[in-house]
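# Structural characterization, general
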Amino acid sequence: MGGALRRRDAGTVVTLGGWVHRSRDLGGLVFLDLRDREGVVQVSFNPEWTSADVIAQAADVGVESVVMVEGVVAERPVEMRNKDLGTGEIEVRATAIRVVGPATTPAIPVAPAKDGKPPAEELRLRHRVLDLRRPELARNLQLRHRLMQVTRGYLNDEGYLEIETPILTKPTPEGARDFLVPSRMHPGEFFALPQSPQIYKQLFMCCGLDRYYQIARCFRDEDLRADRQLEFTQIDIEASFIGREDILAMAEGLVAALWLEAGHAVELPFPRMTYAEAMERFGCDRPDLRYDLEITDLTSAFGRSESAIIQQALAAGGRVRGIRVPGAAGWSRKQVDELEAIAKGAGAGGLVRLKQVDGKVEGPLAKFLDEGAQRALGLADGELLLAVAGPDRVSSPALDRVRQECAERLGLVDDGVRRFLWVLDFPMFLQDPDSGALAAVHHPFTAPNAEDMAAHPGDPSRWRALAYDCVLNGMELGGGSIRTSDPAVQSRMFTLLGIPDAAEQERRFGFLLEGLRAGAPPHGGIAFGFDRIAMLLAGAASLRDVIAFPKTTAARALFEGAPSRVPDEDLKELHLRTRDPE
């Protein structure tokens, strides 16, 4: 390949194929930059070694046309070398050229624009074949390939078997909407595309295939964003006769191997934090540890406040929690109002604002705090206090968002720092404050902590799950759990989640329960978001830059024009008909 040629290849006669990246006609001298998967190489057409007919052919070749070139690799004169190219010390002195794939004028440029900005993303996705020719996207897909091979190599060495699971499967609730596929042969019945291989990999454990992995395609019918797609790839892993520590050690080794492939050393083991601690200190279960700005409980300081708003929140069982922001006392009212809008957008009623300037606490609520209470706030000169009064389910997400925004404003987010973290001991269930209904925090197949079940048999809201998430810089990389292997406990989980009827459990999950009844070993696993890992290691801003043909945020595939309408006769074969949206 031309992009792989180097100075050591000087004197070699070569035949190259590639795309014309750039063309320069200097009046009798023609230079083509020829691009292939490995990069770009300069091809020179000069009367000293090229016939006039060949030079004329080269001058007429359009950008992005595919050509075959014959010539000799030669060193460039020192003053003409390009240090920015791997091939910058050599050129190919052409003796022949043949156009094998003439191209129309490209709808979008492949070579970098002078201002360094690529075309608008929707235009890029519409013309994805051209977009994928851009070297940065080609490099991303090559990195993705290498990461897949590292994953396979690591897990193969650990004794795991790569086994495929069905794409057409049974609809099961796993937290998102299923994509449904109508069955032509069974009118009125539907397959679902898998949200994950969860149940199948647990069945593998029941089958005695005690170490499984798959680079699995998964599908979820949910709204898109920069780090989410309708169809995605995950590294899916399950093992038998293991505990949490075994899985965490294996997973850390895999993460370290992936990061090393991208040129980054990772320090092991990762630090750990319980879910309760993460929520108390940072307001979320995937905290970004690159900066401090921790949340503190200020309830005692505000306990004697005469503010009606504060007292009302405390009387309802809430707390006052806040963040001290160093050096932010000088922020304008407008800047703080913007932070309050962020807090309100996350569900808070507002922000309590106080600051300390020259040893004095200032702010709308300062007059409601006596001297002792002001001291208890622990403010240092120049600090701004931003607090929320209310239940934790309100204050935590609001302060999490405020914390992130303050860190951005203060320049505390260092993209060159990697802070990995395990978050452990998640609650098994979340309880709806109005209805009291329980919902699984992870999924209904996660095993509850046996000690919690024994200590609080009648209060499942107090049970912790044997679950764990791997977090990097505030982003979840993957998560997993020890699974429920006792069919009686699994049936109870379904009952607690609102499926008490045994017949309904069998209808929806009978194939899992049958497998567990056949004898199931203790087992557990983890799944990593492969697209997200590739995005991070490529330094890309969006998942769409590491996926060959992604969907837009409007859930459309612009290049192939999907989704699209289907003729009525095709729908009739599937026993379906459409109706206009109401």
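Notes on the structure in this doc start here. If you're wondering where the values come from, they're calculated on a predicted model, not measured in any experiment. (Residues numbered from 1 in each chain as written. Predicted model: local features only at pLDDT ≥ 70, side-chain atom pairs only at ≥ 80, totals over all residues. Heavy atoms only, no water.)

### Considering the sheet that holds strand β16 (residues 384–390)
Put simply, the rule is: One requirement defines pairing of two strands: DSSP has to find at least two bridges between them. Runs of E in the DSSP output that reach at least two residues are strands. Runs of H or I that reach at least four are helices, and both are numbered from the N terminus. What counts as an axis is a line fitted to C-alpha atoms, over the stretch in contact for a helix, and the angles between N-to-C directions run from 0 to 180 degrees.
The 5 strands lie next to each other as β12-β13-β16-β14-β15, forming an open sheet whose pairing is antiparallel. Strands with a single pairing partner mark the edges of an open sheet, and in this sheet they are β12 (295–297) and β15 (360–362). Neighbour-to-neighbour, the strand axes of the sheet open up by a mean angle of 30 degrees, direction not taken into account. The pairing of strand β14 (residues 352–357) with β16 spans 4 bridges and is antiparallel. Across the sheet, residue V352 finds its bridge partner in β16, namely A387.

### Let's talk about the sheet that holds strand β5 (residues 90–101)
Filter applied, for reference: Note on contacts: a residue pair is in contact if any heavy atoms of the two residues lie within 4.5 Å.
Pairing is mixed in the closed barrel, where 5 strands are placed in the order β1-β2-β3-β5-β4. Between one strand axis and the next, the sheet turns by 55 degrees as a mean value, whatever way the strands run. As defined by bridge partners, strand β1 (residues 13–25) adjoins strand β2 (residues 30–36) across 6 bridges and the pair is classed as antiparallel. Looking across to β2, one finds that D25 is bridged to V30. Contacts between helix α1 (residues 52–60) and the sheet are confined to β1, β2, β3 (39–45) and β5, with β5 contributing the most and set at about 70 degrees to the helix.

### Focus on the packing of aromatic side chains
Quick reminder of the rule: Side-chain rings of Phe, Tyr and Trp, where Trp is taken by its six-membered ring, are said to pair if the distance between their centres is within 6.5 Å; with planes under 30 degrees apart they count as stacked, over 60 as edge-to-face, and otherwise as tilted. The cut-offs for exposure are 20% and 50% of the maximum accessible area for each residue type, with area from a 1.4 Å probe on protein chains only; residues under the lower value are buried, those over the upper are exposed, and the others partly exposed.
Using the criterion set out here, one finds 12 aromatic pairs in the structure. Centroid distance F270 to W422: 6.3 Å. Interplanar angle 35 degrees. Geometry classified as tilted. Of this pair, F270 sits in the loop between α6 (244–261) and β11 (272–274) while W422 sits in strand β17 (residues 420–424), and the two are 152 residues apart along the sequence. Under the relative-accessibility criterion, W422 is labelled buried at 0%.

### Some thoughts on empty space enclosed by the protein
Selection rule: Computed over the protein atoms alone on a 1 Å grid, cavities are sets of points where a 1.4 Å probe fits but cannot get out and pockets are open sets with protein on both sides within 12 Å along at least five of seven lines; a residue lines them when it has an atom within 4 Å of a point. Grid points are joined across faces, edges and corners, and a volume is the space filled by probe spheres set on the points. In the scheme used here, Gly and all other residues not listed as nonpolar or charged are polar, with Ala, Val, Leu, Ile, Met, Phe, Trp, Tyr, Cys and Pro taken as nonpolar and Asp, Glu, Lys and Arg as charged.
One pass over the structure, following the stated rule, counts 2 cavities of 30 Å³ or more. Space inside the second largest cavity adds up to approximately 40 Å³. In this structure, the second largest cavity is lined by L125, R128, F549, P550, A557, L558, F559 and E560. Residues belonging to the lining of the second largest cavity are distributed by class as follows: 6 nonpolar, no polar and 2 charged.

### A word on helix α14 (residues 487–496)
Which entries qualify depends on this criterion: In this description, one arc is meant: the one made by directions from the helix axis to the C-beta atoms. Any N or O atom pair separated by 3.5 Å or less is treated as a polar contact, with the protein-specific requirement of one donor-capable and one acceptor-capable atom, and with residues adjacent in sequence counted only for side-chain atom pairs.
Taken as a whole, α14 has its buried residues at Q490, M493 and F494. The buried residues of α14 all sit within an arc of 100 degrees when viewed along its axis, so they share a single face. Structurally, α14 contributes buried residues whose contacts are with β18 (429–431) and α15 (502–517). With a side-chain oxygen positioned 2.8 Å from the backbone nitrogen of A488, the residue opening α14 is D486.

### Examining the pairing of strand β13 (residues 319–325)
Within β13, 6 of the 7 residues are buried, which leaves it mostly tucked inside the rest of the structure. With 3 bridges connecting them, β12 and β13 associate as antiparallel partners. Across the sheet, the residue bridging to D297 is R321, located in β13. Two strands pair when backbone bridges link them, and β13 and β16 are joined in this way by 7 bridges, in the antiparallel orientation. Paired with R324 across the bridge in β16 is L385.

### Comments concerning a negative patch on the surface
Keep this limit in mind: Only residues whose relative accessible area exceeds 30% and that take part in no salt bridge are eligible for patches, with like-charged residues grouped when within 9 Å of each other and nonpolar side chains (Val, Leu, Ile, Met, Phe, Trp, Tyr) grouped when within 5 Å. Only the protein chains shown count as cover for residues, and the accessible areas themselves come from Shrake-Rupley with a 1.4 Å probe. Just to be clear on terms, a salt bridge is a Lys or Arg side-chain nitrogen sitting within 4 Å of an Asp or Glu carboxyl oxygen. The charge count includes Lys and Arg as positive and Asp and Glu as negative, but it does not include His or the ends of the chains. By convention, the charge on Lys lies at NZ, on Arg at CZ, on Asp at CG and on Glu at CD.
Side chains of D568, E569, D570 and E573 sit close together on the surface and give a patch of like negative charge. The residue D570 is located in helix α17 (residues 568–573) in this model. Look at D570 and you get partly exposed, because its relative accessible area is 35%.

### Let's talk about the pairing of strand β4 (residues 66–75)
Bridge analysis of β1 against β4 gives 7 bridges, and the strand direction is antiparallel. Bridge assignment links L16 to a residue of β4, and that residue is V69. Pairing of β4 with β5, which is carried by 10 bridges, proceeds in the antiparallel orientation. Counterpart to V67 in the pairing with β5 is V99.

### A look at the packing of α14 against α15
Each pair of packed helices can be described by the angle between their axes along with the distance between the axes. In plain terms, the rule: The labels follow the angle: roughly parallel below 35 degrees, roughly antiparallel above 145, roughly perpendicular from 65 to 115, and oblique for the rest. Crossing chirality is assigned from the near helix's rotation relative to the far helix, an anticlockwise turn below a right angle marking it left-handed and a clockwise turn marking it right-handed.
At their nearest, the axes of α14 and α15 sit 10 Å apart, and the two run at 160 degrees to each other. Considered as vectors, α14 and α15 are oriented roughly antiparallel to each other. Handedness of the α14/α15 crossing: right-handed. For the pair formed by α14 and α15, the contact residues are P487, Q490, S491, F494 and T495 on the first element and Q505, F509, L512, L513, L516 and R517 on the second. Taken together, the residues that form the contact of α14 with α15 break down as 6 nonpolar, 4 polar and 1 charged.

### What to know about the nonpolar core
As a reminder of what qualifies: Residues belong to a common nonpolar core when they are buried Ala, Val, Leu, Ile, Met, Phe, Trp, Tyr or Cys residues joined through side-chain atoms within 4.5 Å.
Counting residues in each nonpolar core, the largest one holds 44 residues, and the members touching the most others are I237, L258, W259, W422, I526 and F528. By residue number, the principal contributor to this core is α6, which donates 9 residues.

### Concerning the packing of helix α5 (residues 198–206) against α15
Contact geometry for α5 and α15: axes closest at 9 Å, N-to-C directions at 20 degrees. What the angle tells us is that α5 and α15 run roughly parallel. In the crossing of α5 with α15, the sense of the turn from one axis to the other is left-handed. Residue-level inspection shows I199, Q202, L203 and C206 of α5 in contact with α15, the latter providing F509, F511, L512, G515 and L516.

### Observations regarding α5
Across the 9 residues that make up α5, a large majority, 8, are buried. Its buried side turned inward, α5 meets β9 (211–219), β10 (231–240), α15 and β22 (523–529). Downstream of α5 by a residue or two, G208 has a phi angle that is positive, lying close to 90 degrees.

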